[in-house]
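An overview of the molecular structure
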Amino acid sequence: MKIGIMGGTFDPIHMGHLLAAEAARDSHALDEIWFMPSHVPPHKRGAGASGQQRLDMTEAAIQDVQQYEMLDIEMELGGVSYTIDTMKELWNRYPEHDFYFIIGADMVNYLPKWEQIEELAARLTFIGVGRPGFQLHLDDLPDELQDKVLLAEMPLVDISSTAIRKRLAKGQSVRFMIPVAVHEYIVRSGLYGTKP
Ligand code: ATP
Ligand code: MG
């Protein structure tokens, strides 16, 4: 199967993540999307949600979509998650699948700095999507990376988890920026300064 991996901190997961995943699936005929929240070491967590809460919110966001699955491998591996280590584990566990890694324009520009990018790009195809505020120019990437990044068009949305956390803390509306089930989970848990 062709599997798209949608990785992120998901603190919280929002419509930008979901639209990116769906655009990649639709444009490149992916069979499934696996949502993979990254492990964030406790000392780096700050005021954000715990690993379990980020898994719960991601599950709440994707539960009704048949082609979307949760992948908690980076929580399981622990520590700081480098994509190369995670992918080696996935290639071992699922030699039968072809993996595509979905990233927003901010991450595409940053690709040359990824840990062991040559080894990663030798076996992995990236799918880049646009993100307001970030240019998506593949010509700026080193030659050997350019053919490893496919593009997918999504309806651009200027949403970030950081902005959602700030809005919630100020009591501003985040309706239609995150799924209803995620919003309910946040309020029920009193996350990001909300009051149950
Ligand atoms: P934070 O503000 O905490 O950094 P974020 O909104 O950037 O959160 P991440 O979990 O850091 O979300 O991002 C995970 C992946 O989703 C990255 O590849 C990122 O580029 C992509 N992404 C996040 N928001 C959008 C968006 N609005 N449009 C397109 N891609 C996005
Ligand atoms: Mg980010």
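Under an unreviewed UniProt entry, the chain has the name Probable nicotinate-nucleotide adenylyltransferase and belongs to Paenibacillus amylolyticus. Reading the Sequence similarities (unreviewed entry) entry of the UniProt record for the chain gives the comment "Belongs to the NadD family."

Ranked by size, the top nonpolar core spans 33 residues in total, and within it Met6, Ile33, Phe35, Met57, Val182 and Ile186 carry the most contacts. Among the elements of the structure, helix H1 (15-27), strand E2 (32-37), helix H2 (51-62), strand E4 (98-104), strand E5 (125-129), helix H8 (161-169) and helix H9 (180-189) are those that each provide at least two residues to this core. The biggest single contributor to this core is H1, with five residues. Leu71, Leu90, Ile103 and Val108 belong to the second-largest nonpolar core, a separate cluster that totals 25 residues.

This brings us to the environment of Asp31. Within the element layout of this structure, Asp31 appears in the loop between H1 and E2. Taking relative accessible area as the criterion, Asp31 reaches 37% and is therefore assigned partly exposed. Taking the C-alpha atoms as reference points, Asp31 and Tyr68, separated by 37 residues in sequence, lie 9.2 Å from one another.

How each quantity is defined
- Residues numbered from 1 in each chain as written.
- Chains lettered and ligands numbered in written order.
- Predicted model: local features only at pLDDT ≥ 70, side-chain atom pairs only at ≥ 80, totals over all residues.
- Heavy atoms only, no water.
- UniProt positions renumbered as here; feature names shortened; annotations may be inferred.
- Core = buried A, V, L, I, M, F, W, Y, C linked by side-chain atoms within 4.5 Å.
- Buried < 20%, exposed > 50% of the residue type's maximum accessible area, 1.4 Å probe, protein only.
- Helix = DSSP H or I, 4+ residues; strand = E, 2+ residues; numbered from the N terminus.

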